[in-house]
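Architecture and fold: a report
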2 protein chains.
Amino acid sequence: MAEQNSDQKNPTAWNRSFEILANELLPVLHHWSRVPQKIISFTPTQSPSFFGLRPSSSSHAVSDLPSLTWGKDADFILDFGIHMVGYLKFRLSSVGAHMDAPCRLRLTFGESPFDVTMGMEGVKTWISTSWLPDEIVNIDECPQVVALPRRYSFRYLRVQVIDTSPKYKVSFSEISCECVSAIAQDHALEMVDFGNQLLQDIDHVSISTLRDCMQTVFEDGPRRDRRLWIGDLRLQALANYSTLRDFNLVKRCIFQFAAVVREDGSLPACIFEKPSLSPSTDYIVDYDALFSAIVYDYVSASGDVEAGHALWPTVLQCVKRSLSSLNPKTHVFETERSQGFKFIDWASDLDKNAAPHGLLVYCLKRINSLAQILGKEAPYFGVVDKMTAAATVFLRDGVFISGPESQISYGSAAWLVLSEVFAPAIARGALIKTLNHPLAMKPLTPYLWHHVCDALVQVGCYDECLDIIKSYWGGMVEAGADTFWECFDAEDAKASPYGDVRNNSFCHAWSCTPTYFLRGKLLQSVNGKVTGKVTMGELDNRWVERSLAQLS
Amino acid sequence: MAEQNSDQKNPTAWNRSFEILANELLPVLHHWSRVPQKIISFTPTQSPSFFGLRPSSSSHAVSDLPSLTWGKDADFILDFGIHMVGYLKFRLSSVGAHMDAPCRLRLTFGESPFDVTMGMEGVKTWISTSWLPDEIVNIDECPQVVALPRRYSFRYLRVQVIDTSPKYKVSFSEISCECVSAIAQDHALEMVDFGNQLLQDIDHVSISTLRDCMQTVFEDGPRRDRRLWIGDLRLQALANYSTLRDFNLVKRCIFQFAAVVREDGSLPACIFEKPSLSPSTDYIVDYDALFSAIVYDYVSASGDVEAGHALWPTVLQCVKRSLSSLNPKTHVFETERSQGFKFIDWASDLDKNAAPHGLLVYCLKRINSLAQILGKEAPYFGVVDKMTAAATVFLRDGVFISGPESQISYGSAAWLVLSEVFAPAIARGALIKTLNHPLAMKPLTPYLWHHVCDALVQVGCYDECLDIIKSYWGGMVEAGADTFWECFDAEDAKASPYGDVRNNSFCHAWSCTPTYFLRGKLLQSVNGKVTGKVTMGELDNRWVERSLAQLS
């Protein structure tokens, strides 16, 4: 998620006791070290390859590095074998008569093969080019341990020696990444045998994505934007309950949002932790409403009823902006009635009447369910009934439609199904018909693909859900993903919502949910078997081994 | 001085007790803070101007800086009003909705207007481009005090905001340079009134150059090469005796060289302090010999006879390589007879027979004089006599000649005069005739201009010496120099021995000697009057005031 329409005129009504609670839940970050596994190069290939690049090992083993010397214009790529979030350091030594001039290096931290092969010049993007993952470093004295102060998100490290001098070259040794996450290497989770390598990999890549985004908050992406968004948080929390089960980090993030509630009761779309907790000016109507679902999911998963009570007033308020979009006579969501950006998906011409209608019902039902858990009266039975009846306007000829043009889209279908406003058989039929409709607008983001999958599971279409998981998320795995991406277009490796693929995030929270399905409602249909416990460190090491085995 | 021919086959014969002595003389560096004085810009001008650029003040005072905000592609120059060597820090703040992306800055540290106006792209140079004075800095969080770890040498700071984001801009405050030198701000020296602003400025710029080069050693230039060379040290020591009188730093440097004497008794042309004291592989025959003059000058100026005794064996050895170039029959220096680069000046086609002959006699005489001070027998009376007699081959038709082509050059003339091998009247006449000769090869470097001046003073041509000081060093002052440059061609501001002016050093030790002449043998002829004491801090502050007054 990048910049959204702002809604700056709504001041924050700080809830400082929630902020204190959130601060007390600040996780101790865990650190571990990883070293490069191979010196590699990528060469263009005509063979089927998503990136059009074939990785191959250098004739030099990575253990040769301390004895290899590099001068002006040297350029090589190190493969750490796994996606990491952390801090790079290395020992730089001069080799030759003397280090009689500084050494200037360009270091590029690659999440994808493009990052370390395209260069970082001439990037045309409407978001900041400051996100680009390269650094120029000048070193005056060797030998020296060069420890870069910034945190990076990468698997590949491209090293370019811009210059040394005619009198010396440099060698690199003791290269390591001090990895960091709220989840330690000895953190154990259930090992599930899916009896299928692709599903095994999809499950693993989901968990890696989740882990690398789990820092002092659930970040949307550790490369970009490195912060907490409501939409991402909801999906991360779901994946987390199925795997790593870190309830405190979810609780912290929930209370961070509740701490920065605005005077009208709405919640900002994202928050900043630094320099101190503060709300973004970004506001998204559907994210606001979904806060209620996050709280419901959290209380259900954790049993933390006390938190539910504390958050109840915030939950009640967060759907107000959505409710203000309802036509008071028809009880149909009419997007023009309320201010504020509605997201649903990045597709810019997606009609946003039907999907927000479904999404709001979905949220109101979660609030009603939360009320039951908390022993309160369910506040939204009446409006849910009216919106359920009203939802028939979105169903015509057995497909879901939205807006004045009767647009057919996966987005509308997913949320109307998830809202359970239609009888299961009708919903299932309309969903399948919509998904098969030749004009139906498809999702652009994994975020909406998640909701399509969730809707399919909701109506028992497990095979159809699995097909999407295998083709969409499996497509990323087959393209070489260690972590799931912010966006994926199987037909266009350079697709980007930002104008340039070099500003994409390749480890992005909102694509981490296949494990939620595979370990959840799909477990039986895929014959998944829990075989015991495994630590993150063991999972990581197996992944590194597999990565290297795949390398020619 | 940059890379020279190497002479790597001559191993070091460490004198560890000298190294210990040198280490004990490591100066405590003094620190003080300077802040920017103006926001300025340079615009091309047709008016007479060495750089072809007219500096002008921004409509914003530097005190406005904290309230000014800068976004993508912003570009401004800060003028600190004086050349400094030190560490930059500043507070960077974000202004706007939120700092939702890193900030990427390019900082360029300018010694000259070209540094902050030409950009640093496409530099073609045969020395390392790693010397270029720009840094790319990425900042993730604001507000933050950004303290750059490297030491820079600059008066101007160009700040380019490569990117922020559409959501925020940045502001700069608390910008300062933590200046550093072996010479403190309260270090006092004699104030001399020259009754002439140009001479006053030349004297001041000499001292500033010297001070900025005085770090843990006498550096050749604080931007480049940042290290100790014999040739530079000799001139710095002379200027130092006339001004700042830091004998310990000279002694330290002398013993550093003596510590790394080679097995054949010769001395490397330069040394490195980091990671530990070590000789460069660079070797220069004339630098080697001049070590004797440095020791003689030091013992004479300081009265440290004990050091003279300790260094005596090293002094005796350092002329051996030069002596091996003497024709055993004629006692004429024949450059081809000995291995090793002879420098004298950067002019590549300078014939190097006559000048090294004079230089060697000059050195042998210094050794004989040192012997007298130390109560030893003068070792080189015999060879001096023979070389004096032999020197007549270098005088023909009243001018000095050198080599098979009978080349006439300032270099040959300067060193033959300084050697005092001819009677004063003959030497004076030949020098003036050489300098007036239309074909005489002129110096390229301030280093050789120093020796021409020294020769003129030697034969009593004070006015001619003063003319050179006023036109050559005065030319730099009039071009806007705060410190004297590595090289200066009044006709070509972009002249460089390295192929690109952006790799030139604009604070360079070997050009710091006008103060040695002005406060020494020229003092009377320019009517200079010692008016009391002044501290370096007072001198600096006056200079800043004058710099700013000159700004439009």
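Predicted model only: the values in this text are computed from it and were never measured.

Turning our eyes to something else, we now look at the pattern of salt bridges. Residues and elements named next belong to chain A. A full pass over the atoms with the stated rule returns 58 salt bridges over all chains. Between R34 and D540 there is a salt bridge whose closest N-O contact spans 3.9 Å. Pair noted here: R34 is in strand β1 (residues 30-34) and D540 is in helix α15 (residues 536-550), with a separation of 506 residues, a long-range link. Of the residues examined, D540 reaches a relative accessible area of 0% and is grouped as buried. D264 is the salt-bridge partner of R321, the closest N and O atoms lying 3.3 Å from each other. Taken together, the residues R321 in helix α7 (residues 320-323) and D264 in the loop between α4 (247-259) and β12 (270-272) connect sequence positions 57 residues apart. Judged by relative accessible area, R321 falls into the buried class, the value being 14%. Using a relative accessible area of 32% as the deciding quantity, one classes D264 as partly exposed.

Moving on, we get to the UniProt feature "domain: Alpha-L-rhamnosidase six-hairpin glycosidase" (unreviewed entry) in chain A. In the numbering used here, UniProt assigns the "domain: Alpha-L-rhamnosidase six-hairpin glycosidase" (unreviewed entry) feature to residues 196-377 of chain A. In the segment residues 196-377 of chain A, helix accounts for 54% and strand for 4%; the C-alpha atoms at its two ends are 46 Å apart.

Before going further, it helps to examine the confidence of the model for chain A. This prediction gives chain A a mean pLDDT of 96; 98% of its residues lie at or above 70. For this predicted complex, the interface confidence comes out at an ipTM of 0.96, alongside a pTM of 0.96.

Reading across from one edge, β11-β12-β13 (chain A) is the order of the 3 strands in this open sheet, with antiparallel pairing throughout. Each having just a single partner strand, β11 (228-229) and β13 (278-279) of chain A make up the two edges of the open sheet.

A few words on the packing of aromatic side chains. For any pair of aromatic rings, the description rests on two quantities: the centre-to-centre distance and the angle between the ring planes. Across all of its chains, the model carries 62 aromatic pairs over all chains by this definition. Ring plane angle 80 degrees and centroid distance 5.4 Å describe the contact between F80(A) and F154(A), whose orientation is recorded as edge-to-face. Highlighted residues: F80(A) in strand β4 (residues 75-96) and F154(A) in strand β8 (residues 152-163), separated in sequence by 74 residues. Neither F80(A) nor F154(A) differs from the other in exposure class; each is buried. Judged by centre distance (5.4 Å) and plane angle (75 degrees), the ring pair of W485(B) and F506(B) falls under edge-to-face. Of this pair, W485(B) sits in the loop between α13 (462-478) and α14 (514-518) while F506(B) sits in the loop between α13 and α14, and the two are 21 residues apart along the sequence. Judged on exposure class, the residue W485(B) and its partner F506(B) are both buried. Three or more aromatic residues link up through ring pairs in this structure, and these residues are F50(A), F51(A), F114(A), Y410(A), W449(A), Y472(A), W473(A), W485(A), F488(A) and F506(A). Sitting above the plane of the W14(A) ring, R16(A) keeps its charged end 3.8 Å from the centroid.

Below, the discussion takes up the relation of the copies chain B and chain A. If you rotate chain B by 180 degrees and push it 0.0 Å along the axis, it lands on chain A with an RMSD of 0.0 Å. The superposition operator between the copies reduces to a two-fold rotation axis. When each C-alpha of chain B is compared by its distance to the rotation axis, I136(B) comes out closest, at 3.0 Å. Of the interface residues in chain B, 98% have counterparts in chain A that sit at the interface too, so the contact is made through matching surfaces.

What counts, and where the lines are drawn
- Residues numbered from 1 in each chain as written.
- Chains lettered and ligands numbered in written order.
- Predicted model: local features only at pLDDT ≥ 70, side-chain atom pairs only at ≥ 80, totals over all residues.
- Heavy atoms only, no water.
- Salt bridge = Lys/Arg side-chain N within 4 Å of Asp/Glu carboxyl O.
- Helix = DSSP H or I, 4+ residues; strand = E, 2+ residues; numbered from the N terminus.
- Buried < 20%, exposed > 50% of the residue type's maximum accessible area, 1.4 Å probe, protein only.
- UniProt positions renumbered as here; feature names shortened; annotations may be inferred.
- pLDDT = per-residue confidence, 0-100.
- Pairing = 2+ DSSP bridges.
- Phe/Tyr/Trp six-rings, centres within 6.5 Å; stacked < 30°, edge-to-face > 60°.
- Lys NZ or Arg CZ within 6 Å of the ring centre and 35° of its normal.
- Least-squares fit on C-alpha atoms with pLDDT ≥ 70 in both.
- Contact = heavy atoms within 4.5 Å.

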